[in-house]
Amino acid sequence: MYAQLQSGKASWMVIQTSLISMLSHVVFCYLQYSYHRYGVGKFSSFAWLGLLATETVKHINIELVFRLKTSVETHNFAPPAGRRTWWFPITIRRAQWKEWFGFAKLFILSLVFYGFICIVLGAPLEQWEETISLAFALTTLTIFPIMRFIGQSRTYQLLLSEKLELKNPLANNYLNLLKNNCIAVILGAWGGSVVAPLDWDRPWQVYPIPNIYGAILGLSVMNVLNICTACTHMYRTR
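Worth saying up front: this structure is predicted, and the values here are computed from it rather than measured.

## A look at the overall build of the protein chain
Along its length, the protein chain carries eight helices and zero strands. In the protein chain, the order of α-helices and β-strands from amino to carboxyl end is α-α-α-α-α-α-α-α. Taking all 238 residues of the protein chain together, 43% fall into the buried category. Put simply, of all contacts in the protein chain between residues at least 6 apart along the chain, 73% involve residues at least 24 apart. Surface exposure of the protein chain reaches about 14100 Å², of which carbon and sulfur atoms provide 66%.

## Focus: the packing of helix α7 (residues 169-191) against helix α8 (residues 209-237)
Relative orientation of the contacting elements α7 and α8 amounts to 140°, with a least axis distance of 7 Å. Classified by the angle their axes make, α7 and α8 are oblique. When you trace α7 past α8, the crossing you get is right-handed. Residue-level contacts link L177, N180, N181, A184, V185, G188 and A189 of α7 to N211, G214, A215, G218, L219, M222, N223 and N226 of α8. Residue composition of the contact of α7 with α8, by class: seven nonpolar, eight polar and no charged.

## With respect to the UniProt feature "transmembrane region" (unreviewed entry) in the protein chain
As annotated by UniProt and renumbered to match this structure, "transmembrane region" (unreviewed entry) occupies residues 12-33, 103-125, 131-150, 171-192 and 212-235. Across residues 171-192, helical content stands at 95% and strand content at 0%; the span's end C-alpha atoms are separated by 31 Å. The span residues 212-235 is 100% helix and 0% strand, and its two end C-alpha atoms sit 35 Å from each other.

## Focus: the nonpolar core
In a soluble, globular protein the nonpolar side chains are often hidden away together inside. In terms of nonpolar packing, the biggest core is built from 27 residues, with L138 and L141 touching the most fellow members. If you list the elements that add at least two residues to this core, you get α2 (47-66), α3 (88-120), α4 (128-141), α5 (143-150), α7 and α8. Looking at this core element by element, the count peaks at six residues for α4. Of all hydrophobic cores here, the second largest spans 21 residues; its members include M13, I62, F66 and A171.

## Re the pattern of salt bridges
Taken as a whole and judged by the stated rule, the model has two salt bridges. We note a salt bridge from K58 to E55, for which the minimum N-O separation is 3.1 Å. Of this pair, K58 and E55 both sit in helix α2, three residues apart, which is roughly one turn of the helix. Across the pair, E55 and K58 agree in class, each one buried. Linking R148 and E63 is a salt bridge whose minimum nitrogen-to-oxygen distance equals 3.8 Å. Separated by 85 residues along the polypeptide, R148 in helix α5 and E63 in helix α2 bring together distant segments of the chain. Judged on exposure class, the residue R148 and its partner E63 are both buried.

## A closer look at the packing of aromatic side chains
Under the defined criterion, the tally for this structure stands at six aromatic pairs. Ring geometry for F103 and F144: centres 5.8 Å apart, planes at 90°, overall edge-to-face. Taken together, the residues F103 in helix α3 and F144 in helix α5 connect sequence positions 41 residues apart. By the burial criterion, F103 is buried, and F144 matches it. For the pair F149 and Y174, a centre-to-centre distance of 4.8 Å together with 85° between the ring planes defines the contact as edge-to-face. Of this pair, F149 sits in helix α5 while Y174 sits in helix α7; the two residues are 25 residues apart in sequence, bridging distant segments of the chain. Given a relative accessible area of 1%, Y174 falls into the buried group. The rings of W100, F103, F107, F136 and F144 are connected pair by pair, giving a single aromatic cluster.

Parameters at a glance
- Residues numbered from 1 in each chain as written.
- Predicted model: local features only at pLDDT ≥ 70, side-chain atom pairs only at ≥ 80, totals over all residues.
- Heavy atoms only, no water.
- Helix = DSSP H or I, 4+ residues; strand = E, 2+ residues; numbered from the N terminus.
- Buried < 20%, exposed > 50% of the residue type's maximum accessible area, 1.4 Å probe, protein only.
- Contact = heavy atoms within 4.5 Å.
- Areas by Shrake-Rupley, 256 points an atom, 1.4 Å probe, with all protein chains shown as cover.
- Axes fitted to C-alpha atoms, helices over the stretch in contact; angles between N-to-C directions.
- Parallel < 35°, antiparallel > 145°, perpendicular 65-115°, else oblique.
- Left-handed = near helix turned anticlockwise from the far one by under 90°.
- Nonpolar A, V, L, I, M, F, W, Y, C, P; charged D, E, K, R; others polar.
- UniProt positions renumbered as here; feature names shortened; annotations may be inferred.
- Core = buried A, V, L, I, M, F, W, Y, C linked by side-chain atoms within 4.5 Å.
- Salt bridge = Lys/Arg side-chain N within 4 Å of Asp/Glu carboxyl O.
- Phe/Tyr/Trp six-rings, centres within 6.5 Å; stacked < 30°, edge-to-face > 60°.

In structure tokens:
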């Protein structure tokens, strides 16, 4: 019975997360298209903050609704019993600052990695602003949600292909969801390059517009597949 409840809860989590993600990306694309249509690859675009905000809100919702929190936890720094604890808040603050520093370092490393991959795959060197924008979008949609969920140290472990199992089965389901989303984002960004060499002379063919919107489209397609899979599972196990 407990396993069935956990399975149903995991399905609801997948459905809710996917719906929030799709809705936020639809709103983001609409606002971007309406007010700054072809500036998505520029620093002046609000796409940077928009993507960060949508992913942060999605994760906070998961934390609050399903009570999933696997990043830095203060109970790991509990003071010994019977001793003075004046240093306890300082220890917690140091651990939090260390986590945020590692978070920023991994985010920058991800930017460098994605930027390097873009250049290797043919991105013009003189369009460094567009390449950084694309790398930022890819990092925000792939590495950032995982870091926000499991912390930077476990993210390194995951990136090094080490086996990572969380104690909470629901947390494992959410982590697998994030990993599948990463694959969809990368495939979508790569697939967006198909329209670049076509001689249509459309403004939306300019690098990196099709790649960024392709990444968002790939994530949206994965969200639809996740919803269909979760609904099918709930129907079969009811």
